[in-house]
Amino acid sequence: KRKPQIVMLSRFVPAKDQATLIKAVAYVNKQLSLLLVGDGETMARCKELSTQIGVSDRVQFLGARSDVSEWLWQSMIGVQSSHWEGFGLTAVEMMAAGLPVVASDVEGLKQVVAGAGMLFNRGDEKQLAQIINELYEDTTLRNDTIVACQKRAQQYSIVKSAQAIIERYNQLI
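Here the structure is a predicted model, which is why all the values come from computation and not from measurement.

Draft legend 1. Highlighting the nonpolar core. Counting residues in hydrophobic clusters, the biggest one holds 28 residues, and the most contacted among them are Leu21, Leu36 and Ile132. For this core, the secondary structure elements donating two or more residues are β1 (5-9), α1 (18-25), β2 (33-37), α2 (43-52), β3 (59-63), β4 (77-80), β6 (118-120) and α6 (125-137). At 5 residues, the largest contribution of residues to this core is made by α6. Every residue in contact with isoleucine 132, bar those within four places of it in the chain, is listed here: Ile6, Leu21, Val28, Leu32, Ile77 and Val79. Of all hydrophobic cores here, the second largest spans 22 residues; its members include Leu9, Met95, Val112 and Cys149.

Draft legend 2. Inspection of the pattern of salt bridges at higher detail. By the definition in use, this model includes 3 salt bridges. A salt bridge links lysine 16 to glutamate 85; the shortest N-O distance between them is 2.6 Å. One end of the pair, lysine 16, is in the loop between β1 and α1; the other, glutamate 85, is in the loop between β4 and α4 (89-96), with 69 residues separating them in the sequence. Of the two residues, lysine 16 and glutamate 85, both sit in the buried class. In this structure, the salt-bridge partner of glutamate 107 is lysine 110, at a minimum N-O distance of 3.1 Å.

Draft legend 3. Main features of α4. Regarding α4, the residues found buried are Ala91, Val92, Met94 and Met95. Looking down the long axis of α4, one finds its buried residues gathered within 160 degrees of arc, a one-sided arrangement. Where α4 is buried, its residues contact β1, α3 (68-74), β4, β5 (101-104), α5 (109-113) and α7 (139-154). Glycine 98 sits one or two positions beyond α4 and adopts a positive phi of about 80 degrees.

Draft legend 4. Structural context of the packing of α6 against α7. With their axes 5 Å apart at the nearest point, α6 and α7 run at an angle of 100 degrees to one another. Regarding the angle of α6 to α7, the classification is roughly perpendicular. Judged by residue contacts, Glu134, Leu135, Tyr136 and Glu137 of α6 engage Thr139, Leu141, Arg142 and Thr145 from α7. Its residues assigned to classes, the contact of α6 with α7 comprises 3 nonpolar, 2 polar and 3 charged.

Draft legend 5. Quick peek at α1. α1 sits mainly inside the fold: 6 of its 8 residues count as buried. If you check which residues of α1 are buried, you get Gln18, Thr20, Leu21, Ile22, Ala24 and Val25.

Draft legend 6. Representation of the side chain of arginine 58 within the structure. Mapped onto the elements of the fold, arginine 58 is located in the loop between α2 and β3. Buried and unpaired, arginine 58 has aspartate 57 as its nearest opposite-charge partner, separated by 5.7 Å. Here the side chain of arginine 58 touches valine 28 through a polar contact of 3.4 Å, landing on its backbone oxygen. Here the side chain of arginine 58 touches asparagine 29 through a polar contact of 3.0 Å, landing on its backbone oxygen. Arginine 58 has contacts with Val25, Val28, Asn29, Lys30, Leu32, Ser33 and Leu34, leaving out every residue within four places of it along the chain.

Draft legend 7. Spotlight on the pairing of β1. Buried residues dominate β1, accounting for 5 of its 5 residues. By the alternation rule, side chains of β1 split into Gln5, Val7 and Leu9 and Ile6 and Met8, which are all buried. The sheet contact formed by β1 and β2 spans 5 bridges and is parallel. Looking at the pairing, glutamine 5 lines up with serine 33 of β2. Summarising the sheet, β1 and β4 pair through 2 bridges and their orientation is parallel.

Scoring rules and cut-offs
- Residues numbered from 1 in each chain as written.
- Predicted model: local features only at pLDDT ≥ 70, side-chain atom pairs only at ≥ 80, totals over all residues.
- Heavy atoms only, no water.
- Core = buried A, V, L, I, M, F, W, Y, C linked by side-chain atoms within 4.5 Å.
- Buried < 20%, exposed > 50% of the residue type's maximum accessible area, 1.4 Å probe, protein only.
- Helix = DSSP H or I, 4+ residues; strand = E, 2+ residues; numbered from the N terminus.
- Contact = heavy atoms within 4.5 Å.
- Salt bridge = Lys/Arg side-chain N within 4 Å of Asp/Glu carboxyl O.
- Arc of directions from axis to C-beta.
- Axes fitted to C-alpha atoms, helices over the stretch in contact; angles between N-to-C directions.
- Parallel < 35°, antiparallel > 145°, perpendicular 65-115°, else oblique.
- Nonpolar A, V, L, I, M, F, W, Y, C, P; charged D, E, K, R; others polar.
- Lys, Arg positive; Asp, Glu negative; His and termini not counted.
- Polar contact = N/O pair within 3.5 Å; in protein donor to acceptor, adjacent residues only side chain to side chain.
- Pairing = 2+ DSSP bridges.

What follows is the structure, given as structure tokens:
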């Protein structure tokens, strides 16, 4: 059974935006907690932020983990908050694990998530919190989003990717 928790998988680096998600925790349903999986240079600032705004009791910093799939399968909502992104691999991983995904509306994530998961304006913690609350409180919306996200993740499967490469190769020869 999934627990009332939000999960984000990401290195703590300037491109990622854990800070917006931490700020959103102040506005989400008090039943929800946040798990941040990853490590890096901006982690100390994020820990400090969670204490400053009074949500440190609802935010766990798990560090780098080898058991990421376990955290995905026990969580209820996946978030990828970024300032910029090359490709939303962690968003695809969260979708494949049956999570409804909420992501920053930035290049790289938008292409992966739009039309399946939900997008929020980069840096807008109140909009992010509103979407998280809707997904948490509306079971039908959450389940519909999960189905759409799982279908989207299948588009990025290794089998489909290999088939696309073979088809492209065959077009060239």
